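Descriptive structure summary
Single-letter residue listing:
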Amino acid sequence: MKRRATCQAREAPPGGRGAGRDRVAALVADPGLPLDRRAEEIRRMFAGVAGRYDLLNRLLSASLDRVWRRRAAEALDLPPGARVLDLCSGTGDQAVALRRRGARVVAADFCLPMLARSRGKFARQAPPRPRAFAADALRLPWRGASFDGAVVSFGLRNVADLDRALAELARVLRPGGRLAVLEFALPRRQPLRSLYLFYFRLLLPAIGRWVSRHGSAYTYLPASVSDFPQRETFLERLGAAGFDRSSWRDLSGGILCLYLARRRPEP
Ligand SMILES: C[S@@+](CC[C@H](N)C(=O)[O-])C[C@H]1O[C@@H](n2cnc3c(N)ncnc32)[C@H](O)[C@@H]1O
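This structure is a prediction, so every number in the text was calculated from the model and none was measured. Along each chain, the written sequence defines residue order, and numbers are assigned to residues from 1. Only residues with pLDDT of at least 70 are given local features in this predicted model, and only at 80 or more are side-chain atom pairs given and counted; all residues enter the totals for whole chains, interfaces and linings.

Quick look at the sheet that holds strand E9 (residues 256-263)
The strand order E5-E4-E3-E6-E7-E9-E8 describes an open sheet built from seven strands, whose pairing is mixed. Edge positions in the sheet fall to strand E5 (131-134) and strand E8 (243-251), since each has one partner strand and no second. Between one strand and the next, the sheet's axes are offset by a mean angle of 20 degrees, whatever the strand orientation. Pairing between strands is defined by DSSP: at least two bridges between them are needed. Helix numbering and strand numbering both begin at the N terminus, where a helix is a DSSP run of H or I of at least 4 residues and a strand a DSSP run of E of at least 2. In this sheet, E9 lies alongside strand E7 (residues 173-184) in antiparallel orientation, the contact comprising seven bridges. Among the inter-strand pairings, Phe184 is bridged to a residue of E9, identified as Leu256. The contact rule is simple: place each C-beta atom from the backbone, and if two of them lie within 7 Å, those residues are in contact. Note on definitions: angles span 0 to 180 degrees between N-to-C directions of axes, and those axes are lines fitted to C-alpha atoms, for helices only across the stretch in contact. Along the sheet, helix H6 (residues 162-172) contacts strand E3 (83-87), strand E6 (147-153), E7, E8 and E9; its crossing angle with E7, the most-contacted strand, is approximately 145 degrees.

Quick look at the structure:
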């Protein structure tokens, strides 16, 4: 699926006084970037940044990413020994946070270079260690009702078909099973919103490009966040996919949201 966000940046005046300032303002308002969510493109993009993904997470979030993943694991609120799926598991940090809460974790991602980075982390955990599987969120290789809980951190924004991924999550969760989704959002309040947009759409892509040496992955990030359904809109998608008792909570001033939901019990 290839989409192009509205391209206000290209409408900035080409020269003259204030042109630079207008261009920056236009970029902050809307980066106007191509958004390519075809599976092959996504896989290739994450393969390209896998080696520096953890470093960039720490750098770009000032190490808050660890706190956020811990919050998601806590919010699931499942008893020790619960079977939990970490979908779009990447380099495994969310799976480790879940394991530390006592869960039996299955980590799944379709990008092998990202999964490979989780192997060493999983080997250092107390048994039962998280297990990593290559799997596509749109066609999960597990029978229905296989898990007590599931977490997706910073993953759903990247899948080619959000509703299908949510339906797959609902299928593999047992009725009454719990889902936690951690995803970036845009702060609702000023002046944080404007400050954040400046950082997120201008500074972050520049730092990301420099450290990852990947041309587009960190410009894709703000574009994909702007394009993702946020807060109430995302809850509606959860409801349509078979979840109830859903809620959202802003973290860190609303630069990300923690969504919680329950797999609707059978009637
Ligand atoms: C931004 S990373 C998040 C990784 C990890 N959850 C974290 O908290 O750091 C997104 C991950 O989603 C994975 N992904 C995207 N689409 C996927 C799909 N259809 N099936 C499985 N994994 C997918 C990518 O390979 C990538 O590792």
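With respect to the nonpolar core
Each nonpolar core consists of buried Ala, Val, Leu, Ile, Met, Phe, Trp, Tyr and Cys residues. Their C-beta atoms, within 7 Å, join them into a set. A residue is called partly exposed when the number of other C-beta atoms within 10 Å of its own lies between 12 and 20, exposed at 12 or fewer, and buried at 20 or more, with C-beta atoms placed from the backbone. Val84, Ala150, Val151, Leu169 and Ala180 are the most contacted members of the largest nonpolar core, which totals 56 residues. Here this core takes six residues from E9, the largest share from any one element. Apart from residues no more than four positions distant in its own chain, Ala150 is found in contact with Val84, Leu85, Leu87, Leu169, Leu173 and Leu179. Core analysis: the second largest hydrophobic core is formed by six residues, Leu204, Tyr218, Tyr220 and Leu221 among them.

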